[in-house]
Amino acid sequence: VTRVWCEYAWLGGPSVSRGVTVEIDGGQIARVVTDTEPHQGAESRSGLTLPGLANVHSHAFQRVLRARTQRTTGSFWTWREAMYEAASELSPEQYLSLATTTFAEMALAGITLVGEFHYLHHQPGGTPYADPNEMGAALIAAADAVGVRLTLLDACYLHGGIGKPVEGTQQRFADADVDAWAGRVEQISPSDTVKIGAAAHSVRALSPEELAEVAAWSASRATPLHAHVSEQKIENEECVAAYGRTPVEILRDAGCLNEQFTAVHATHLTPDDVTSLGDTVVTCCLCPTTERDLADGVGRPAVLRAAGAALAFGSDSQAVIDPFEEARAAELDERLATHARVNTEPEVLLAAATESGYRALGWDGGRIEPGAPADLVNLSLDSVRLAGTAPDDLVAAAVYAAAAADVRDVMVDGRWIVRDGNHVSVAS
Ligand SMILES: [Zn+2]
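Residues numbered from 1 in each chain as written. Predicted model: local features only at pLDDT ≥ 70, side-chain atom pairs only at ≥ 80, totals over all residues. Heavy atoms only, no water.

### Looking at the coordination of the zinc ion
The protein atoms donating to the zinc ion are H57 (NE2), H59 (NE2) and H228 (NE2), with metal-donor distances spanning 2.1 to 2.2 Å. Every donor residue of the zinc ion comes from the same chain, spaced as H-x1-H-x168-H. With H57 in strand β5 (residues 53-58) and H228 in strand β9 (residues 225-229), this pair connects stretches of sequence that are 171 residues apart. (Donors = N, O, S within 2.8 Å, 3.2 Å for Na, K, Ca; no water. Helix = DSSP H or I, 4+ residues; strand = E, 2+ residues; numbered from the N terminus.)

Spelled out as structure tokens, the structure:
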């Protein structure tokens, strides 16, 4: 049994608790006691301790694009060409090294669980590797090396656009059909820190019938199912032109929408779309640092939540990796759209970044309470950003003032993987 004494810890709600002793046994939180003094037999952590943060939507390889697409005018679609170029020649060895450093950057930012939306499956040209899951295995090996939890959301991707064959780099993404995709995914083994989930790439990459097949596969195994939804207006227009229905309507009719489903982005929605997502209690994963980088549009977390949907956040394209920035950006962007402040309270944003994100990735965790996985993030309150914060304002400070650089120690599964701002095994 390990004991960690935390000067302040967030146990949920609008304020923090003082003097919290967290007892850890076998990678799980066994006991939580508040109002304790530092004591022998417990490691002490000053500052603020949060539950582990979930990065619900990640494409690790897109880290190579950071700062490389900022010089010339363009759009999501010109950025996508640069992304295809970055993905065109990546080998499994390069993928392992790239994903290891990307996941290590996430760990240093307080991310303890990554949802990797994985579609870079096959060799250039589309031929499977000898092990058809070699690229997925590289992601699993990277997460293991870094010590973060992983939900590998293996993406089914069959078409290069509505009614279009895959071409160029897209050939690396595509399986022959849904059965071939499912057969491949069924060969990937989960572990104590790795879960396997499903992703339906988008209504661009799968027909309504294929979406229904993926939904049925996911439901039969009770895995999370994620999809890109209405990130771009053009994607909606093409979908309505082809099917007479919005992407959300297509997903609803295909049986995708339920509590296991996460709609990634969910930016350009009709009022009926919002109602459908809320009524079926899906999670909406906003990726505001990417959505602003790609000129996608402004997400509406408070509107989605009021309708009944849960919220979560993702670093998506890795334009930046900072879960605190992600959480505040979701609300601050909505302020620009509504001309109103505090559409979503800080504790709700923090719960979206932790417990709600864990749930969207198939884990019961992201809370500091008995029975939860022992995943903790300790923030120093000595930095220029957080110095002088009153205890009553610590939850708001975590969302509105903290940065990835304030993360001092990170525990996953009862093991410290970051100590004093350094990763314990991956050199920075
Ligand atoms: Zn994405």
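### Examining the packing of helix α4 (residues 178-185) against helix α5 (residues 208-221)
Contact pair α4 / α5: the axes reach a minimum separation of 10 Å and the direction vectors enclose 25°. Our classification of the angle between α4 and α5 gives roughly parallel. In this structure, the crossing between α4 and α5 has a hand that is right-handed. Counted together, V178, W181, A182 and V185 of α4 and E210, E213, V214 and W217 of α5 form the full contact between these two elements. Looking at side-chain class alone, the contact of α4 with α5 contains six nonpolar, no polar and two charged residues. (Axes fitted to C-alpha atoms, helices over the stretch in contact; angles between N-to-C directions. Parallel < 35°, antiparallel > 145°, perpendicular 65-115°, else oblique. Left-handed = near helix turned anticlockwise from the far one by under 90°. Contact = heavy atoms within 4.5 Å. Nonpolar A, V, L, I, M, F, W, Y, C, P; charged D, E, K, R; others polar.)

### A short note on the sheet that holds strand β6 (residues 111-118)
The strand order across the open sheet built from eight strands is β5-β6-β7-β8-β9-β10-β11-β12, with neighbouring strands paired in parallel fashion. Both edges of this open sheet fall to β5 and β12 (310-313), since each of them pairs with a single strand only. Shown here is a sheet whose adjacent strand axes are inclined to one another by a mean of 25°, direction ignored. As paired strands, strand β10 (residues 261-265) and strand β11 (residues 283-286) are joined by three bridges and run parallel to one another. In the strand pairing of β11, T262 is matched with T283. Across the sheet, helix α3 (residues 134-146) is in contact with β6, β7 (149-156) and β8 (194-200); its angle to β7 comes to roughly 165°. Where helix α11 (residues 323-338) meets the sheet, it contacts β5, β6, β11 and β12, and its direction lies at approximately 135° from that of β12. (Pairing = 2+ DSSP bridges.)

### Comments concerning the sheet that holds strand β16 (residues 422-423)
Note on sheets: strands pair through backbone hydrogen bonds, and any given pair is parallel or antiparallel. The strand order across the open sheet built from eight strands is β3-β2-β1-β4-β13-β14-β15-β16, with neighbouring strands paired in mixed fashion. For this open sheet the edge positions go to β3 (28-33) and β16, each flanked by a neighbour on one side alone. Relative to β16, strand β15 (residues 415-419) runs antiparallel, the two being bridged by two bridges. The residue of β16 that forms the bridge with V418 is H423.

### With respect to the pairing of β7
Consecutive side chains of a regular strand alternate in pointing toward one face of the sheet and then the other. Counting buried residues along β7, eight of its eight residues qualify, which places the element largely inside the surrounding structure. Neither face of β7 is open: one carries R149, T151, L153 and A155, the other L150, L152, D154 and C156, and all of them are buried. Inspection of the sheet shows β6 paired to β7 by six bridges, in the parallel sense. Considered in β7, the bridge of G115 is made with T151. Crossover connection from β6 via α3 to parallel β7: handedness right-handed. (Buried < 20%, exposed > 50% of the residue type's maximum accessible area, 1.4 Å probe, protein only. Right-handed = clockwise from strand over helix to strand, strands pointing away.)

### Considerations on the pattern of salt bridges
Between side chains of opposite charge, pairing is possible as soon as their charged atoms come close. Following the criterion strictly, the structure yields 22 salt bridges and no others. Two residues, D253 and R252, come together in a salt bridge whose shortest N-O distance is 3.0 Å. Among the residues examined, D253 registers a relative accessible area of 44% and is labelled partly exposed. Residue R367 is joined to E369 by a salt bridge in which the shortest nitrogen-to-oxygen separation is 3.0 Å. (Salt bridge = Lys/Arg side-chain N within 4 Å of Asp/Glu carboxyl O.)

### Description of α5
Between the first and last C-alpha of α5 there are 20 Å, a value that for 14 residues agrees with the 20 Å anticipated at 1.5 Å per step. Regarding α5, the residues found buried are P208, E210, L211, V214, A215, W217 and S218. Backbone geometry just after α5 places A222 at a positive phi near 55°. (Expected span 1.5 Å × (residues − 1).)

### Concerning helix α8 (residues 271-279)
Within α8, burial applies to D273, V274, S276, L277 and G278. On its buried face, α8 is in contact with α7 (247-253), β10, β11 and α10 (301-307). V281 sits one or two positions beyond α8 and adopts a positive phi of about 55°.

### A few points about the environment of L96
Following the sequence through the fold, L96 ends up in helix α2 (residues 92-108). Residue class for L96 comes out partly exposed when judged on its relative accessible area of 33%. Along the backbone, L96 and F61 are 35 residues apart, and their C-alpha atoms lie at a distance of 9.6 Å. Excluding residues within four positions of it along the chain, L96 makes contact with A138, A141 and A142.

### Regarding the layout of surface pockets
As a volume, the largest pocket reaches approximately 230 Å³. In terms of lining, the largest pocket is formed by 15 residues, of which the most central are T69, T72, G74, S75 and T78. Examining the composition of the lining of the largest pocket, we find that four residues originate from one element, helix α1 (residues 76-88), more than from any other. Its residues assigned to classes, the lining of the largest pocket comprises five nonpolar, seven polar and three charged. Counted as a void, the second largest pocket has a volume near 160 Å³. Around the second largest pocket, the lining residues are P224, E259, Q260, V281, V282, T283, A310, R359, A360 and G362. Residue composition of the lining of the second largest pocket, grouped by class: five nonpolar, three polar and two charged. (1 Å grid on protein atoms, 1.4 Å probe; cavity = no way out; pocket = protein on both sides within 12 Å on 5 of 7 lines; lining within 4 Å. Points joined across faces, edges and corners; volume = space filled by probe spheres on them.)

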